[in-house]
Amino acid sequence: MKKGSGPFSKKGPDPFFEDVVAGLSLPQKALPPKYFYDATGSRLFEKICRLPEYYLTRAELSLTRANLSSIARFAGRGCELLEYGSGESLKTRLLIRALRPKAYLPVDISESALAGAAARLRRQFPWLRIVPIVGDFSRPLDLPAAQGPRVAYFPGSTIGNLTPEEAHGFLARGRAHAGRMLIGTDLKKDANVLHAAYNDSRAVTAAFNLNLLARVNRELGGDFELKRFAHYAFYNAALGRIEMHLISLRKQEVKIGRHRFAFERGESIHTENSYKYSLEGFRALAANAGFRQARVWTDRKGLFALHALTAN
Ligand code: AVJ
């Protein structure tokens, strides 16, 4: 078990432990997807982004490259750039080069991911003021006061992890952070294309999903037997989302500290939602949260969208 974590940590309750116990106690067992990204999970996610079936990353990068000067014009050169996520990505570097922001404020729950990304960006952009912020964007956030116009960047369809209700809350709270937003969303499309993206032939997505149980074992002293669970992902068309689950392959009991969780054969842990939006659907969601869609860019194949939003 990792030092300083688990039920007996001196630092008080460990949010990972609390969230795991709460999630596995629900009638439909569930684990929050934000915990996918430990060191192993982040490595697996990068591998997912390079898979032939996982079109999202390439589509967003290509639309960003193709529209970089319009995007920069919308954001305003010399703004403060706030990013939800640690800013490891190639897209972020493109944006920084094009915008020449006064400051760059990455927000991430992982202090180590933030520190690593900030160090690399400092080397690449010595002129840039970088203000890393440890925080969870799915909850209210306290940010340093803006010293000029601020634009928030939320790429990668990460907003797709939130339900539309949560996304509404995120956007409504975001109005206090930034007057303008750039948000990447995956578009609705043929269910077979979506299915393949989350059921890749090399089973990297399966390994990414199962790593969540391995992480519970490593950090919380759980005794999940990974071979007794299977990756399951499908497109829920009625709700417009990919759902990822881990299915128990037999009746079994799992221990985490003094807690025991019983699984029926076939019972699932719901590990992720990945919402897909139509252009109109996201525009309406943003409008309800007080944002006007000023522009929207898509890639040539119409797979992915980047929305430019202005607070009303
Ligand atoms: C990083 C949340 C956008 O939902 O497509 C990739 C995560 N899950 N494969 C997504 C993910 C399975 C990804 N997001």
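Here we summarise the structure given alongside this text. Just so it is clear, the structure is predicted and the values come from calculations on it, not from any experiment.

A few points about the site of the ligand
Near the ligand you find 14 residues, and of these Tyr54, Gly156, Tyr198, Glu272 and Ser274 are the closest. One of the side-chain nitrogen or oxygen atoms of Glu272 is found 2.6 Å away from a nitrogen atom of the ligand. Burial of the ligand by the surrounding chains reaches 98%, relative to a free accessible area of 350 Å². Elements with a contribution of two residues or more to the shell around the ligand: α2 (39–49), α9 (204–220) and β11 (268–275). Within the shell around the ligand, the residues separate by chemical class into eight nonpolar, five polar and one charged. Summarising the domain contributions, the shell around the ligand has at least three residues from each of domain 1 (8–52 + 199–275) and domain 2 (67–189 + 278–311).

Let's talk about the packing of aromatic side chains
A complete count under the given rule lists 20 aromatic pairs for this structure. Ring geometry for Phe137 and Phe170: centres 6.1 Å apart, planes at 75°, overall edge-to-face. With Phe137 in the loop between β4 (133–134) and β5 (150–154) and Phe170 in helix α7 (residues 164–174), this pair connects stretches of sequence that are 33 residues apart. You'll find Phe137 and Phe170 in the same group, each marked buried. Between Phe224 and Phe229, the ring centres sit 5.5 Å apart and the planes meet at 70°, which makes this aromatic pair edge-to-face. Judged by relative accessible area, Phe224 falls into the buried class, the value being 5%. Under the relative-accessibility criterion, Phe229 is labelled buried at 3%. Through a chain of ring-to-ring contacts, three or more aromatic side chains come together here, namely Phe36, Tyr37, Phe45, Tyr54, Tyr198 and Phe208. Here the guanidinium or amino end of Lys29 rests over the ring plane of Phe263, the centre of that ring lying 4.7 Å away. In this structure, Arg215 is placed above the aromatic ring of Phe16, and the distance from its NZ or CZ to the ring centre is 4.7 Å.

Some thoughts on the packing of helix α1 (residues 15–24) against α9
It is the contact of α1 with α9, at a shortest axis distance of 11 Å, that shows an interaxial angle of 130°. Taken together, α1 and α9 sit at an angle that is classed as oblique. The element α1 and its partner α9 pack so that their crossing is left-handed. Across from Phe16, Phe17 and Val20 in α1, the residues of α9 making contact are Arg215, Val216, Glu219 and Leu220. Along the lines of polarity and charge, the residues of the contact of α1 with α9 split into five nonpolar, no polar and two charged.

A look at the nonpolar core
Counting residues in hydrophobic clusters, the biggest one holds 66 residues, and the most contacted among them are Leu182, Phe224, Phe229, Ile256 and Ile269. With seven residues, the single largest contributor to this core is α9. Counting contributing residues per domain, this core is built from domain 1 (8–52 + 199–275) and domain 2 (67–189 + 278–311), each supplying no fewer than three. Discounting chain neighbours no more than four positions away, the residues touching Phe229 are Leu210, Leu213, Phe224, Leu246, Ile247, Ser248, Leu249, Gln252, Val254, Phe263 and Ile269. Counting 27 residues, the second-largest nonpolar core is a separate cluster that includes Val107, Leu162, Ala167 and Leu309.

A closer look at unusual backbone geometry
Glycine aside, the phi torsion of most residues is negative, and most peptide linkages are trans. At Ser157, a position not held by glycine, the phi torsion is positive, near 65°. Tracing the sequence through the fold places Ser157 in the loop between β5 and α7. Given a relative accessible area of 6%, Ser157 falls into the buried group. Phi at Ala203 is positive, roughly 60°, even though this residue is not glycine. With respect to the helices and strands, the residue Ala203 is situated in the loop between α8 (191–198) and α9.

So, how was this worked out
- Residues numbered from 1 in each chain as written.
- Predicted model: local features only at pLDDT ≥ 70, side-chain atom pairs only at ≥ 80, totals over all residues.
- Heavy atoms only, no water.
- Near = heavy atom within 4 Å.
- Polar contact = N/O pair within 3.5 Å; in protein donor to acceptor, adjacent residues only side chain to side chain.
- Areas by Shrake-Rupley, 256 points an atom, 1.4 Å probe, with all protein chains shown as cover.
- Helix = DSSP H or I, 4+ residues; strand = E, 2+ residues; numbered from the N terminus.
- Nonpolar A, V, L, I, M, F, W, Y, C, P; charged D, E, K, R; others polar.
- Domains from an automatic or database assignment.
- Phe/Tyr/Trp six-rings, centres within 6.5 Å; stacked < 30°, edge-to-face > 60°.
- Buried < 20%, exposed > 50% of the residue type's maximum accessible area, 1.4 Å probe, protein only.
- Lys NZ or Arg CZ within 6 Å of the ring centre and 35° of its normal.
- Axes fitted to C-alpha atoms, helices over the stretch in contact; angles between N-to-C directions.
- Parallel < 35°, antiparallel > 145°, perpendicular 65-115°, else oblique.
- Left-handed = near helix turned anticlockwise from the far one by under 90°.
- Contact = heavy atoms within 4.5 Å.
- Core = buried A, V, L, I, M, F, W, Y, C linked by side-chain atoms within 4.5 Å.

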